[in-house]
Amino acid sequence: MVIASGSRAKRLAPEHDAGRSGEASRELTLRTFEDALALREQIVRRPSVVVVGGGALGMEVASGCLQAGCSVTLVSDAPPLTRQLGGFLSGVFVAAATRRGLRLVSGTRARIADSGSGPRVVLADGTELEAELIVSAIGDEPNVSWLAGTGLLVGGELRVDSRGRVRPDIVAAGDVASIPARQGTGRVPLWISAIEQAKAAALGLLLGDRAPALDFQPYFWTEAFGVSLKSVGFTPVEGIPGYWEPGADEESMLVRWENRDGTGTAAALNYRIPVPKLRRLANTGPAVQVAV
């Protein structure tokens, strides 16, 4: 058996309220093609928007809404993209976002309430943010509830070994699976992760211990607020990069970090470079090391 049941978007409103009238119906998530169409229909009329979540998806949604002419506020409990990328890369995106008019609000434990005139986001400190449209981008949850009682879950997680196996005759791949990686066991909900997991799981099911172990290296990209990022290697990265190559303009650069575990992480910001070359830079470093 192959388990590839994926994940679903988390919501601020309880799941059982989804689809009802009131605050739940005013909250959009972006997970499916249908979600994207619904969001596009909403922002055409240029509503005021509150985006909750400072990850890549939240920043991309906020950027798209701003570009469509909406007034946008983004709520995050830390500087956006800090947890995903680290302070240096986060700073590049935050600077670009604020220049383009994004309002940033720091807050935790957001919830949706309805004031009668419309929905609002209420934060733990009592701050209330009114908006005509609320988009939550607060992560995803693996679809594992159907496995309750099977004995396959460990602490609520579907954990696999380095060959994608839950048991010798059961494998799992994609957003549903917690995989072993250099930074510990956990889910890695990236496009390239699903592809590499699928390869490992298929071979693990067919070949067992003779199958090669998964040796996963993240590849990630995002575009928001005029900044295009491609990244190869584990993130978040600490401090400033050890290698910095300027590009065609002041917002264009190619950078690399040497991580504590001996691996490298390379990132291209508004810098045209083929992914294989970026991967080589992450793995072997530049031919000549340049001090920042």
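Here's what I pulled together on the structure shown here. Since this is a predicted model, take the numbers as computed values, not measurements.

**Examining the overall build of the protein chain**
Across its full length, the protein chain carries six helices and 20 strands. Computed over C-alpha atoms, the radius of gyration of the protein chain comes to 21 Å, within 12% of the 19 Å expected from 2.2 N^0.38 for 292 residues, which places it in the range of a compact globule. Restricting the contact set of the protein chain to residue pairs at least 6 apart, pairs at least 24 apart contribute 58%. Of the roughly 14,900 Å² of accessible surface on the protein chain, 52% is carried by carbon and sulfur atoms. Side chains of the protein chain carry 31 positive and 31 negative charges; the gap between the two charge centres is 3 Å.

**Looking at the packing of aromatic side chains**
Enumeration according to the criterion identifies four aromatic pairs in this entry. Both rings, one in phenylalanine 88 and one in tryptophan 244, keep their centres 5.4 Å apart while their planes meet at 80 degrees; by these two values the pair is edge-to-face. One end of the pair, phenylalanine 88, is in helix H4 (residues 87–99); the other, tryptophan 244, is in strand S18 (residues 243–246), and 156 residues separate them in sequence. Accessibility expressed as a relative area gives 31% for tryptophan 244, which makes it partly exposed. Ring centres of phenylalanine 88 and tryptophan 257 lie 5.7 Å apart, and the angle between their planes is 70 degrees; on these two criteria the pair is classed as edge-to-face. Note that phenylalanine 88 is positioned in helix H4 and tryptophan 257 in strand S19 (residues 253–258), a separation of 169 residues in sequence. One exposure class covers both phenylalanine 88 and tryptophan 257, and it is buried. A connected cluster of aromatic rings, assembled from ring pairs, spans Phe88, Trp244 and Trp257.

**Regarding the pairing of strand S20 (residues 264–269)**
Within S20, six of the six residues are buried, which leaves it mostly tucked inside the rest of the structure. Side chains Gly264, Ala266 and Ala268 of S20 all project onto a buried face; the interleaved residues Thr265, Ala267 and Leu269 project onto the opposite face, where all are buried too. Alignment of strand S17 (residues 227–232) against S20, held across four bridges, turns out to be antiparallel. Residue valine 232 lies in a different strand from S20, and its bridge partner there is alanine 266. In terms of strand pairing, S19 meets S20 through six bridges, oriented antiparallel. Of the residues in S20, the one forming a bridge with tryptophan 257 is threonine 265. Where S19 folds back on S20, the antiparallel hairpin that results is connected by five residues, among which glycine 262 adopts a positive phi of roughly 90 degrees.

**Structural notes on a nonpolar patch on the surface**
A surface patch of nonpolar side chains, about 430 Å² in accessible area, is lined by Val2, Leu203, Leu205, Leu206 and Leu207. Considering every element that reaches the nonpolar patch, the biggest residue donor is helix H5 (residues 191–207), with four residues. Mapped onto the secondary structure, valine 2 falls in strand S1 (residues 2–3). Residue classification places valine 2 among the exposed positions, given a relative accessible area of 54%.

**Observations regarding the side chain of glutamine 217**
Its location among the elements puts glutamine 217 in the loop between H5 and strand S16 (219–224). Within the structure, the side chain of glutamine 217 is placed 2.6 Å from the side chain of asparagine 283, a separation counted as a polar contact.

**A short note on the side chain of serine 76**
Along the chain, serine 76 falls in strand S5 (residues 71–76). With a relative accessible area of 10%, serine 76 lands in the buried category. From its side chain, serine 76 meets the backbone oxygen of alanine 78 in a polar contact 2.6 Å long.

Conventions adopted
- Residue positions are given per chain, counting from 1 as you read along its sequence in written order.
- Side-chain atom pairs in this predicted model are given and counted only at pLDDT of 80 or more, local residue features only at pLDDT of at least 70, and totals for whole chains, interfaces and linings cover all residues.
- Values shown for side chains rest on all heavy atoms present in the structure; no hydrogens or waters enter the calculation.
- Helix and strand labels come from DSSP, where a helix needs a run of H or I of at least four residues and a strand needs a run of E of at least two; each type is numbered from the N terminus.
- All radius of gyration figures rest on C-alpha atoms, and the globule criterion is 2.2 Å times the number of residues raised to 0.38.
- What makes two residues a contact is simply this: any of their non-hydrogen atoms within 4.5 Å.
- To measure how exposed things are, a 1.4 Å probe is used in the Shrake-Rupley method; for residues, cover is taken only from the protein chains shown.
- Positive charge is attributed to Lys and Arg, negative charge to Asp and Glu, and no charge count is given to His or to the chain ends.
- To locate a charge, take atom NZ for lysine, CZ for arginine, CG for aspartate or CD for glutamate.
- Any Phe, Tyr or Trp ring, taking Trp's six-membered ring, that has another such ring centre within 6.5 Å forms a pair; planes under 30 degrees apart are called stacked, those over 60 apart edge-to-face, and the others tilted.
- With a 1.4 Å probe rolled over the protein chains alone, any residue whose accessible area is under 20% of its type maximum counts as buried; one over 50% counts as exposed, and the rest are partly exposed.
- Should DSSP find at least two bridges between two strands, the strands are taken to pair.
- For patch detection, residues must exceed 30% relative accessible area and be free of salt bridges, and they are connected within 9 Å for like charges or within 5 Å for nonpolar side chains (Val, Leu, Ile, Met, Phe, Trp, Tyr).
- Think of a salt bridge as a Lys or Arg side-chain nitrogen and an Asp or Glu carboxyl oxygen that are within 4 Å of each other.
- Within 3.5 Å is the distance limit for a polar contact, defined as a pair of N or O atoms, with the added protein rule that one can donate a hydrogen and the other accept it, and that residues adjacent in sequence qualify only through two side-chain atoms.

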